[in-house]
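Notes for the structure review
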Amino acid sequence: MSDVQAQKPSVSLFYNPRVRGFLYQAVLIAIVVFLGYEAVVNASTNMRARGIPTDFAFWDRVASFDINQSLIDYSAASTYGRAFFVGLWNTLLVAAIGVVLATFLGFFVGVARLSQNWVVAKLATIYVEVMRNTPLLLQLLFIYNAVLTPLPNPRNSLSLGAGVYLNNRGLVVPDPQFAPGAGFIPLAAAVGLVLALAFRFYARRTQAKTGRIYPVGWISAALILGLPLIAYVAAGAPVSFVTPVLRGFNFQGGIRVLPEFVALLIGLVIYTAAFIAEIVRAGILSVSHGQTEAALSLGLTRAQNLKLVVTPQAMRVIIPPLTNQYLALTKNSSLAVFVGYPDLVQVFAGTVLNQTGAAVQVIAITMAVYLVISLVTAAIMNIYNRRNALVER
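Residues numbered from 1 in each chain as written. Predicted model: local features only at pLDDT ≥ 70, side-chain atom pairs only at ≥ 80, totals over all residues. Heavy atoms only, no water.

**Thoughts on the sheet that holds strand β8 (residues 255-257)**
Strand order in the open sheet made by the four strands is β1-β2-β3-β8, with antiparallel pairing throughout. Every interior strand has two partners, whereas the edge strands, β1 (158-161) and β8, have only one. Within the sheet, the average angular offset between the axes of one strand and its neighbour, ignoring direction, is 25°. Pairing between strand β3 (residues 170-173) and β8: three bridges, direction antiparallel. (Pairing = 2+ DSSP bridges. Helix = DSSP H or I, 4+ residues; strand = E, 2+ residues; numbered from the N terminus. Axes fitted to C-alpha atoms, helices over the stretch in contact; angles between N-to-C directions.)

Below, the structure written as structure tokens:
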């Protein structure tokens, strides 16, 4: 009898759901760790047997290849590590500009789809359906081969005015030159931005208390643009531009924007904007029509209704799927390899991998970079989303 009673606690302990759950999870973790360890050991053994490098010694070796676009100092004598940062900055450049442009275009098209003008609404619908239902890679190849490649040679460049020229070698724009005192201009812009944000906060609090509405947009624009202009004049115009000049078969001076960059940027923007447009349209339609009727009955114009009533409520629906589109645009920039733009994948996961043979290390670093970019983007958007979320009283 005493033996049976002694066994009961252990039996009841095994049938405890919490204990069994902990035991199953521990076993699962052990299995995953074991499989991961075996995979790493097996891969290392096979790589050594085939003479494939298993370390990161290649990082400090000389790259011995050129990159046609670099935001930092780079030459063929630079290291593979330097080439990695060149590709990373090129990826961040096209992703950052693409996110901004796709957002503006997507919001414009999304609102246009709900326009009462039949022609505008139908044109926006055609754009969205065509862009969303054709592969991005085909759009990139079409833009690069059918739009940019047939452009004239430098001698017959298209003049866009203000010293800007377009040809099959890219877009040539004036090169800014900065004299002493030019540093006050970005400083003034930063001060203007801070003052604009402070005034916006003050205007919102005043409106909530008294109902008085300030022209926040105009005053913010005056601060952000006016202060740098004042600094520019006060510093004696420290910024000048070197206009490109055609000499021989090419332009001398100025800055050349690669056609590969233009093709990739245009493709990413128009493709992603089509999805953003549908997100914006769904967000606006999620707001009850009674809100619009109430706003119009109070004397607000349709523009004021869209800005002050509909959009703030629609943003709570728009932001989560909008974050997904930002992440998709950044990851889709890896298609740059098909148009020859030197992004991270083309430079590091392409050229560096082929020259060093360190496939596992290179691919692991590339995946980690895109993971970090995605997590940072998602974190920023989640913070903004929490600021716009409804607060339960």
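**Brief notes about the environment of Ala-231**
Inspection of the secondary structure assignment puts Ala-231 in helix α7 (residues 216-234). Spatially, the C-alpha atom of Ala-231 lies 6.3 Å from that of Phe-184, the residues being 47 residues apart in sequence. Not counting residues within four places of it along the chain, the set of residues in contact with Ala-231 comprises Phe-184, Ile-185 and Ala-188. (Contact = heavy atoms within 4.5 Å.)

**A look at the nonpolar core**
Residues Val-94, Leu-264, Ile-318 and Tyr-341 are the most contacted members of the largest nonpolar core, which totals 34 residues. Considering each element in turn, this core owes the most residues, 11 residues, to helix α8 (residues 259-285). Those residues in contact with Tyr-341, other than ones at most four positions away along the chain, are Gln-69, Asn-90, Leu-93, Val-94, Glu-260, Phe-261, Leu-264, Ala-336 and Gln-346. (Core = buried A, V, L, I, M, F, W, Y, C linked by side-chain atoms within 4.5 Å. Buried < 20%, exposed > 50% of the residue type's maximum accessible area, 1.4 Å probe, protein only.)

**Quick look at the packing of aromatic side chains**
Under the defined criterion, the tally for this structure stands at 13 aromatic pairs. Look at Phe-84 and Phe-348: their rings are 5.0 Å apart centre to centre, the planes differ by 65°, and that puts the pair in the edge-to-face class. Taken together, the residues span a long stretch of sequence, with Phe-84 in helix α3 (residues 80-113) and Phe-348 in helix α11 (residues 344-356) at a distance of 264 residues. What makes Phe-348 buried here is its relative accessible area of 0%. Connected via pairs of aromatic rings, a cluster forms that spans Trp-59, Phe-84, Phe-85 and Phe-348. (Phe/Tyr/Trp six-rings, centres within 6.5 Å; stacked < 30°, edge-to-face > 60°.)

**Observations regarding the layout of surface pockets**
Size it by volume and the largest pocket reaches roughly 1,800 Å³. Elements with a contribution of two residues or more to the lining of the largest pocket: α6 (184-210), α7, α10 (302-332) and α12 (359-388). When the residues that make up the lining of the largest pocket are grouped by side-chain class, the tally is 21 nonpolar, six polar and five charged. Of the volumes computed, that of the second largest pocket is approximately 480 Å³. As for the second largest pocket, its lining consists of 15 residues, of which Leu-114, Ile-284, Arg-302, Asn-305 and Leu-306 are closest to the centre. Elements that contribute at least two residues to the lining of the second largest pocket include exactly α8, α9 (289-297) and α10. (1 Å grid on protein atoms, 1.4 Å probe; cavity = no way out; pocket = protein on both sides within 12 Å on 5 of 7 lines; lining within 4 Å. Points joined across faces, edges and corners; volume = space filled by probe spheres on them. Nonpolar A, V, L, I, M, F, W, Y, C, P; charged D, E, K, R; others polar.)

**A word on the side chain of Thr-206**
Turning to its location among the elements, Thr-206 is positioned in helix α6. The class of Thr-206 is buried, set by a relative accessible area of 13%.

**Observations regarding the domain arrangement of the protein chain**
Parsing the protein chain into structural domains produces domain 1 (2-49) and domain 2 (80-147 + 258-388). When each unit is reduced to the centre of its C-alpha atoms, the spacing between domain 1 and domain 2 is 44 Å. (Domains from an automatic or database assignment.)

**Some words on the packing of α3 against helix α4 (residues 118-132)**
With their axes 7 Å apart at the nearest point, α3 and α4 run at an angle of 130° to one another. Judged on the interaxial angle alone, α4 and α3 are oblique. Between α3 and α4 lies a crossing of left-handed hand. For the pair formed by α3 and α4, the contact residues are Leu-105, Val-109, Ala-112 and Arg-113 on the first element and Val-120, Ala-121, Ala-124, Thr-125, Tyr-127, Val-128 and Glu-129 on the second. Across the contact of α3 with α4, the residue classes break down as eight nonpolar, one polar and two charged. (Parallel < 35°, antiparallel > 145°, perpendicular 65-115°, else oblique. Left-handed = near helix turned anticlockwise from the far one by under 90°.)

**Structural notes on a nonpolar patch on the surface**
On the surface, a cluster of nonpolar side chains totalling about 600 Å² of accessible area is made up of Leu-23, Tyr-24, Val-27, Ile-31, Phe-34 and Leu-35. With respect to the helices and strands, Ile-31 occurs in helix α2 (residues 17-49). Overall, the relative accessible area of 43% leaves Ile-31 in the partly exposed class. (Patch = residues over 30% accessible without salt bridge, like charges linked within 9 Å, V, L, I, M, F, W, Y side chains within 5 Å. Areas by Shrake-Rupley, 256 points an atom, 1.4 Å probe, with all protein chains shown as cover. Salt bridge = Lys/Arg side-chain N within 4 Å of Asp/Glu carboxyl O.)

**Some thoughts on α6**
If you check α6, its first and last C-alpha atoms are 38 Å apart, about what 27 residues at 1.5 Å a residue would give, namely 39 Å. When α6 is considered as a whole, its buried residues turn out to be Ile-185, Ala-188, Gly-192, Ala-196, Phe-199, Ala-203 and Thr-206. For α6, the elements touching its buried residues are α7 and β5 (239-242). In the stretch just after α6, Gly-211 is the one whose phi turns positive, near 85°. (Expected span 1.5 Å × (residues − 1).)

**Description of the environment of Ala-190**
Take Ala-190: it is sitting in helix α6. Classification of Ala-190 as partly exposed rests on a relative accessible area of 40%.

**A closer look at α4**
Between the first and last C-alpha of α4 there are 21 Å, a value that for 15 residues agrees with the 21 Å anticipated at 1.5 Å per step. Among the residues making up α4, those that are buried are Ala-121, Ala-124, Val-128 and Met-131. The buried residues of α4 occupy an angular sector of 110° when projected down its axis, which confines them to one face. Residues Trp-118, Leu-123 and Ile-126 are exposed on α4 and point more than 90 degrees away from its buried face. Buried residues along α4 sit in contact with α3, α5 (136-148) and α8. A distance of 3.0 Å separates the backbone nitrogen of Val-119 from a side-chain oxygen at the start of α4, and that oxygen is part of Asn-117. (Arc of directions from axis to C-beta. Polar contact = N/O pair within 3.5 Å; in protein donor to acceptor, adjacent residues only side chain to side chain.)

**A word on the pattern of salt bridges**
In this structure the tally under the stated criterion is three salt bridges. Residue Glu-278 pairs with Arg-113 through a salt bridge whose shortest N-O separation is 2.4 Å. A residue pair is termed long-range when its members are at least 10 positions apart, and Glu-278 in helix α8 and Arg-113 in helix α3 qualify at 165 residues. Each member of the pair Glu-278 and Arg-113 is classed as buried. Glu-278 is paired through a salt bridge with Arg-281; the nearest N and O atoms lie 3.0 Å apart. Taken together, the residues Glu-278 and Arg-281, both in helix α8 and three residues apart, mark about one turn of the helix. One salt-bridge network, in which partners are shared between bridges, spans Arg-113, Glu-278 and Arg-281.

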